[in-house]
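# Structure at a glance
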Amino acid sequence: MLWTAFLLGFLGSFHCIGMCGPIALAVGGKNNSSFFYHKILYNIGRSITYAMLGLIVGSLGFTLSLAGVQQGFSIAMGVLILILALSYKNADRFLTIPALSGIVIWIKRQLNRFLKAGGSFAFFATGLANGLLPCGMVYMALIAALAFQSPLLGATYMFFFGIGTIPMLLVLMYSGSLISIQARQKFQKAIPYLGALIGILFIFRGLGLGMFFSPDLQVFDYGSAQFEITMCR
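Criteria and cut-off values
Residues numbered from 1 in each chain as written. Predicted model: local features only at pLDDT ≥ 70, side-chain atom pairs only at ≥ 80, totals over all residues. Heavy atoms only, no water. Helix = DSSP H or I, 4+ residues; strand = E, 2+ residues; numbered from the N terminus. Buried < 20%, exposed > 50% of the residue type's maximum accessible area, 1.4 Å probe, protein only. Contact = heavy atoms within 4.5 Å. Areas by Shrake-Rupley, 256 points an atom, 1.4 Å probe, with all protein chains shown as cover. Expected span 1.5 Å × (residues − 1). Polar contact = N/O pair within 3.5 Å; in protein donor to acceptor, adjacent residues only side chain to side chain. Axes fitted to C-alpha atoms, helices over the stretch in contact; angles between N-to-C directions. Parallel < 35°, antiparallel > 145°, perpendicular 65-115°, else oblique. Nonpolar A, V, L, I, M, F, W, Y, C, P; charged D, E, K, R; others polar. Phe/Tyr/Trp six-rings, centres within 6.5 Å; stacked < 30°, edge-to-face > 60°. Arc of directions from axis to C-beta.

## Brief notes about the overall build of the protein
In terms of helices and strands, the protein carries 10 helices and two strands. What you see in the protein, going N to C, is helices and strands ordered as α-α-α-α-α-α-α-α-α-α-β-β. Each of the 233 residues in the protein was classed as buried or not, and the buried ones make up 45%. Contacts in the protein between residues far apart in sequence, at least 24 positions, make up 77% of those at least 6 positions apart. Surface accessibility of the protein: about 11,600 Å² in total, with carbon and sulfur atoms responsible for 71%.

## Observations regarding helix α10 (residues 191–207)
With 17 residues, α10 extends 24 Å from end C-alpha to end C-alpha; this agrees with the ideal 24 Å at 1.5 Å per step. For α10, the complete set of buried residues consists of I191, L194, G195, A196, I198, G199, L201, F202, I203, R205 and G206. Following α10 by one or two positions, G208 has its phi on the positive side, about 60°.

## Some points on the environment of S120
Within the secondary structure, S120 sits in helix α6 (residues 120–130). S120 gets classed as partly exposed once you look at its relative accessible area, which sits at 29%. Between the alpha carbons of S120 and Y37 there is a distance of 8.0 Å; along the sequence they are 83 residues apart. Apart from residues lying up to four places away in sequence, S120 is in contact with Y37, H38 and L41. A polar contact of 3.3 Å, which involves the side chain of S120, links it to the side chain of H38.

## What to know about the packing of helix α3 (residues 70–86) against helix α7 (residues 136–147)
Their axes nearest at 9 Å, the elements α3 and α7 cross at an angle of 170°. One finds that α3 runs roughly antiparallel with respect to α7. Across from F73, M77, L80, I81, L84 and A85 in α3, the residues of α7 making contact are Y139, M140, I143, A144, L146 and A147. For the contact of α3 with α7, the residue count by class is 12 nonpolar, no polar and no charged.

## Considerations on the packing of aromatic side chains
The final tally for this structure, using the stated rule, is three aromatic pairs. Geometrically, the ring pair formed by Y50 and F161 is edge-to-face, given 5.4 Å between the ring centres and 70° between the ring planes. Of the two residues, Y50 is situated in helix α2 (residues 32–65) and F161 in helix α8 (residues 151–175); the sequence distance between them amounts to 111 residues. Residue Y50 shares its accessibility class with F161, and that shared class is buried.

## Quick notes on α3
Look at α3: 25 Å from first C-alpha to last across 17 residues, which is about the 24 Å you get at 1.5 Å a residue. All of the buried residues in α3 are Q70, F73, S74, M77, G78, I81, L84 and A85. Viewed along the axis of α3, the buried residues span an arc of 140°, placing them on a single side of the element.

What follows is the structure, given as structure tokens:
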């Protein structure tokens, strides 16, 4: 199901371009080679942050899997993804926790500081920090990563999500202007359908109907402890 991460990232870039677009345009260089190099560093930084977030939620999911709630948890996450997909335009505002507003302000200050400093490390750090900004599409991808209940799969899913956002942001970075609202709206219309598809896939995965994306549960008994291992086909 990693292809859904890349596609979600690609379509999500049209939704998030309003917030990330100005930051992406501010990343530059003195010549063509450094210009391209800094753009790549910035985007790799964002992808690494997404992967680290995926590692964290994947670890949380793995902890829950040891409690034997793999299938029910996958169904619950699928339903939550469906809800987010139907309300993704308001997800940024709905899921922004007021108690964390101070952290968001601090992140934006760091972004401003890095952009003013310039240079390879600063632009890479800009990408790292930018990946922490609230974004409804990132939330949706994180829920999917959580549903995998695996640190490695969670990190991989979010890294592919980050890679999926790169093509459109590179186009923006080289065009020097924001994508028109009309063009963005055309691509954004596909986001709810893709989100619904991902949610349904996780629901079917949780139901364990023997389909290609359903998990195989293998139980190992070591002494008095039992471990359930989820293996995705």
